[in-house]
Amino acid sequence: MNVDYLVVGSGLFGSTFAYEAAKRGKKVKVIERRNHIGGNVYTEQIEGIQVHRYGAHIFHTNDKKIWDYVNEFAEFNRYTNSPIANYKGEIYNLPFNMNTFNKLWGVVTPQEAKAKIEEQKRKANIMKPKNLEEQAISLVGTDIYEKLIKGYTEKQWGRKATELPAFIIKRLPVRFTYDNNYFNDRYQGIPIGGYTQIIEKMLASDLIDVELNTDFFEKKEMYLQQYPKIVYTGMIDQFFDYRYGELEYRSLHFKTAILDQENYQGNAVVNYTDAETPFTRVIEHKHFEFGTQPKTVITKEYPKTWTKGDEPYYPLNDVVNNEKFKKYRTLADELPNVLFGGRLGMYKYYDMHQVIAAALSVVKKEFSE
Ligand code: FDA
């Protein structure tokens, strides 16, 4: 039987598309550059613990349809993301909330906390923030900025906060309740047994053939000739041979270790917010699933400037890159047989629920539903 769709990339976008196409009787071939399926949501079992190979992945959404959709592929646990900030050994709750303010200043009521922040904002006297530092201080005052934002942000971007544009921080989540839940979304959790099973189930149809360790660019011309339609979830600038130059990203470096102890840090996510500690976060994977194994697995996350060939994690959506992307998008629109999607194809940071929604909307359009 002839293949109807070639899907480039087996991440959530490509896999959702492949699953939906097969459901409609289409034959799909999926090619994946890595030696495993799943893209960045990939999890693998180490010491009986589901390890998030490409950084902490917490599923959260307000969209009941998307929540019901993912629950068809896995059962989710009751995990609620409540990260901790470690500033030189002082522990604070995130996002900034009454627990954080109480620890910082000893305040007890929301009125006291608001007064403290207002007082600091007034003293700083910033009318029109010129950079990220001024923007952050004008939103939350000096103490929170100094202890919980400055060092973390400077490590993340590899630049001084006074040299970063103000627009990076538009809003900062500040809550005047004793609520440590990071997300405001109605639905949240971690799939029991990990994310990889979701992708496995999506790609399980007899109509889907998956080929790992296969880079689209090794035989680009052949694929373009051979397949009537291509769903491409790789980097859009690479597809067009970087004609308008490279789109920039921020990258990360992960260092994972198995520790011979039951509980390392007592929480799944701890942010190191000082400037000296070289990593930004430590993930202890077992706490995503309330694990009680005798050993534990931790991952330290080091921010990294992206250079060509590095894993592109976060698109750097500044004005220059967005303009460049628009030009690539125009080229993409001239190719009706290639559908561009996912975080690399759209040069956009998508959360998991958003990338599934984006794939389902492409499916709807493609099958005229
Ligand atoms: P993804 O990158 O996953 O898949 C693309 C696939 O295409 C990859 O497998 C790649 O190898 C393959 N590919 C690329 N070029 C190719 C080529 N030339 N040939 C063949 N294959 C090719 N979201 C959320 O909701 N909650 C969270 O907590 C987090 N946390 C988080 C942490 C970190 C560190 C990151 C970077 C991201 C998150 N996310 C997240 C976002 C989440 O990872 C994201 O929404 C999905 O992985 C996007 O799926 P895609 O299919 O678009 O890309």
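About the cut-offs
- Residues numbered from 1 in each chain as written.
- Predicted model: local features only at pLDDT ≥ 70, side-chain atom pairs only at ≥ 80, totals over all residues.
- Helix = DSSP H or I, 4+ residues; strand = E, 2+ residues; numbered from the N terminus.
- Rg over C-alpha atoms; globule rule 2.2 N^0.38 Å.
- Pairing = 2+ DSSP bridges.
- Axes fitted to C-alpha atoms, helices over the stretch in contact; angles between N-to-C directions.
- Contact = placed C-beta atoms within 7 Å.
- UniProt positions renumbered as here; feature names shortened; annotations may be inferred.
- Near = placed C-beta within 6 Å.
- Nonpolar A, V, L, I, M, F, W, Y, C, P; charged D, E, K, R; others polar.
- Domains from an automatic or database assignment.
- Buried ≥ 20, exposed ≤ 12 C-beta atoms within 10 Å, placed from the backbone.
- Arc of directions from axis to C-beta.
- Parallel < 35°, antiparallel > 145°, perpendicular 65-115°, else oblique.
- Left-handed = near helix turned anticlockwise from the far one by under 90°.

Moving on to the overall build of the chain. Along its length, the chain carries 12 helices and 16 strands. Against the compact-globule benchmark of 21 Å for 369 residues, the chain has a radius of gyration of 22 Å, which places it among compact chains. For the chain, the spread of C-alpha atoms along the three principal axes comes to 70 × 50 × 35 Å.

Pairing is parallel across the open sheet formed by five strands, whose spatial order is β9-β2-β1-β10-β16. The outermost strands of the open sheet, each flanked by one partner alone, are β9 (208-211) and β16 (338-340). Looking at each pair of strands side by side, their axes are set apart by 20 degrees on average, direction ignored. Both strand β1 (residues 5-8) and strand β10 (residues 229-232) contribute to a ladder of four bridges, which runs parallel.

This part is about the sheet that holds strand β7 (residues 90-93). Pairing is mixed in the open sheet, where seven strands are placed in the order β7-β6-β12-β13-β14-β11-β15. Each edge of the open sheet is held by one strand with a lone partner, namely β7 and β15 (314-315). Against the sheet, helix α6 (residues 142-157) touches β6 (84-87), β7, β12 (269-272) and β14 (296-305), its axis set at about 90 degrees to β6.

Our focus in this paragraph is the UniProt feature "domain: UDP-galactopyranose mutase C-terminal" (unreviewed entry) in the chain. Per the UniProt entry, the sites bearing "domain: UDP-galactopyranose mutase C-terminal" (unreviewed entry) are residues 147-349 in this numbering. Along residues 147-349, the helical share is 24% and the strand share 22%, with 27 Å between the first and last C-alpha atoms.

Let us now look at the site of the ligand. The immediate surroundings of the ligand are formed by 35 residues, with Gly9, Gly11, Gly39, Gly55 and Gly342 found nearest. In terms of residue class, the shell around the ligand is made up of 17 nonpolar, 12 polar and six charged.

A word on the domain arrangement of the chain. The domains assigned to the chain are domain 1 (5-77 + 188-247 + 315-366) and domain 2 (96-168). For domain 1 versus domain 2, the separation of C-alpha centres amounts to 37 Å.

Glancing now at helix α3 (residues 98-105). Buried within α3 we find Met98, Thr100 and Phe101. Taken end-on, α3 shows its buried residues confined to a sector of 155 degrees, consistent with a single buried face.

Okay, the packing of helix α2 (residues 64-71) against helix α12 (residues 352-366) next. Angle between the axes and distance between the axes: these two values describe a pair of packed helices. The contact between α2 and α12 brings their axes to 10 Å, and the two run at 90 degrees. The angle between the axes of α2 and α12 places the two elements in the roughly perpendicular class. On α12, the residues that touch Ile66, Tyr69 and Val70 of α2 are His353, Ile356 and Ala357. Classifying every residue of the contact of α2 with α12 gives five nonpolar, one polar and no charged.

Let us look at the pairing of strand β13 (residues 281-284). Judged by which residues are buried, β13 turns out to be covered on both faces: Arg281 and Ile283 on one side and Val282 and Glu284 on the other are all buried. Where β12 lies against β13, three bridges are found, and the strand directions are antiparallel. Residue pairing across strands places Val270 opposite Val282, the latter belonging to β13. Strand direction decides the pairing type here: β13 and β14, joined by four bridges, are antiparallel. Residue Val282 lies in a different strand from β14, and its bridge partner there is Lys300.

It is the contact of helix α1 (residues 12-23) with α12, at a shortest axis distance of 9 Å, that shows an interaxial angle of 40 degrees. For the element pair α1 / α12, the angle class is oblique. The hand of the α1/α12 crossing is right-handed. Of the residues in α12, those in contact with Leu12, Phe13, Thr16, Phe17 and Glu20 of α1 are Met352, Val355, Ile356, Ala358, Ala359, Leu360, Val362 and Val363. Classifying every residue of the contact of α1 with α12 by side-chain character gives 11 nonpolar, one polar and one charged.

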